[in-house]
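# Overview (structure and organization)
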Amino acid sequence: MTASRQIHLVRRPSGVPVVEDFAVVEVDTPDAAEGEVQVQNVLMSVDPYMRPRLTADQPLDAPMLGGGIGRIVQSRNPRFKEGDLVRHGAGMQERFNSDGKGLQVLTPDPALSLSVYMHALGGTGITAYGGLLETGALKDGEQVFVSTAGGAVGSVVAQIAKIKGCYVGGSTGADDKAAWLRDEVGLDAVVNYKTTPLTKVLREAMPKGIDVYFENVGGGHLDAVLPRMNQRGRVAVCGMISTYNGGGEGVRNLSTMIYSRIRMEGFVASDFPHLQAAFVSDMTGWLKDGRIKYQETILDGFERAPEGLIGLFSGLNSGKMLIRVSA
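The text that follows walks through the structure, step by step, so that each part is easy to find. (Residues numbered from 1 in each chain as written. Predicted model: local features only at pLDDT ≥ 70, side-chain atom pairs only at ≥ 80, totals over all residues. Heavy atoms only, no water.)

## Quick look at the packing of helix 2 (residues 123-135) against helix 8 (residues 276-288)
When two helices pack together, their arrangement is given by the angle between the helix axes and by the axis-to-axis distance. What counts here: To get an axis, a line is fitted to the C-alpha atoms, and for a helix only the part in contact is used. The angle between two axes follows their N-to-C directions and goes from 0 to 180 degrees. Think of it this way: any DSSP run of H or I at least four residues long counts as a helix, any run of E at least two long counts as a strand, and we number them from the N terminus. When describing relative orientation, an angle under 35 degrees is termed roughly parallel and one over 145 degrees roughly antiparallel, while 65 to 115 degrees is termed roughly perpendicular and anything else oblique. Contact criterion: two residues are considered in contact whenever any of their non-hydrogen atoms come within 4.5 Å of each other. For this classification, Asp, Glu, Lys and Arg are treated as charged, while Ala, Val, Leu, Ile, Met, Phe, Trp, Tyr, Cys and Pro are nonpolar and the rest, including Gly, are polar.
It is at 10 Å that the axes of helix 2 and helix 8 come closest, and there the two elements cross at 105°. Considering the angle they form, helix 2 stands roughly perpendicular to helix 8. Residues G125, I126 and Y129 of helix 2 form the contact with helix 8, whose participating residues are Q276, A278, F279, D282 and W286. When grouped by side-chain class, the residues that make up the contact of helix 2 with helix 8 number five nonpolar, two polar and one charged.

Structure representation (structure tokens):
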């Protein structure tokens, strides 16, 4: 037996989650049985998609759902050896046992930080890559607008679009993120929607209209963008974070989709297994040659996972939010 901890949801949030909705629970993890491995978490991901699950399918009094990178510390399974790094979807547990299903051995490139495999080279990255190139059907040189362009997904989308020779605008809710997008990432136009209403500046920011809109916000953002969409434009719907905690602004301009022949389509990361090899090759190269830049917010300590999740809705993070559990 080994002492471990788990993060549990103990009550359904009302609005923005608070720390009292969660609990850190001490448990004992038995030694790995025949055919099993024991995994010690190294990095855990917290993401906006987790919020709707707190209301829907996240069980109460059970480990929070989610993904991470862990290290094999015990192995009685010939497919894994002690010391292997693995990707997993076992959620927020310091240690857990597994029969190996759902574990993927990770061999990180020594030239890259391990943490990039949790965002640019992980689920965040394939979401951006597939959502923009396949769902958004991006063509080189188009006009692209990205909501929450300073976030983990949005920043990768914006940079892929720049690599493809596009004019790229984006929105963010903080001046420091806006400065990073302008000065480091090189976006053509950046709007701080908290200080300047999007409806007032979008025409100036996107003077040739919008061919592809990568949607992470919904509500007022979508309402402002739809009238600026060009004919045969595409809206790739990755998320609608403005609605996750209840309420949110309505959308009045959906009728513009009719005569502009706009296509709007939602997607999730698991839609793109057929793109995985190309994604890994492209993204590894882009990271190594500096064409993809990233920001991370890493909170040290397993018990800080609820703080990290809650912080997504107050702008605590710059780029990807991660929890570092162990070295």
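## A few points about the pattern of salt bridges
The cut-off we apply is this: We define a salt bridge as a side-chain nitrogen of Lys or Arg found within 4 Å of a carboxyl oxygen belonging to Asp or Glu.
Counted by the stated rule, this structure contains 15 salt bridges. Taken together, the shared-partner salt bridges connect R5, E94 and E303 into one network.

## A word on the side chain of N77
Going by this rule: Under the scheme applied here, a residue whose accessible area is under 20% of the maximum for its type counts as buried, over 50% as exposed, and between as partly exposed, the area being computed with a 1.4 Å probe on protein chains only. Whenever a nitrogen or oxygen atom comes within 3.5 Å of another N or O atom, the pair is scored as a polar contact, on the condition that within protein one atom can donate a hydrogen and the other can accept it, and that pairs from neighbouring residues in sequence are kept only if both atoms are in side chains.
One can find N77 in the loop between strand 4 (68-75) and strand 5 (85-88). On the accessibility criterion, N77 (8% relative accessible area) is buried. Among the polar contacts made by the side chain of N77, one reaches the main-chain amide nitrogen of R79 at a distance of 2.9 Å.

## Looking at helix 3 (residues 152-163)
Along an α-helix, residues three or four apart share an orientation, since each turn contains 3.6 residues. Put simply, the test is: Expected helix span is taken as 1.5 Å per residue step, with the number of steps being one fewer than the number of residues.
Its twelve residues place the ends of helix 3 17 Å apart at the C-alpha level, agreeing with the 16 Å of an ideal helix rising 1.5 Å per residue. For helix 3, the buried fraction is high: ten of the twelve residues fall into the buried class. Every buried residue of helix 3 is listed here: A152, V153, G154, S155, V156, V157, A158, Q159, I160 and A161. Directly after helix 3, the chain includes G165, whose backbone phi takes a positive value near 80°.

## Brief notes about unusual backbone geometry
The backbone phi angle of A137 is positive, close to 50°, even though this residue is not glycine. Summarising the element assignment, A137 is placed in the loop between helix 2 and strand 8 (143-146).

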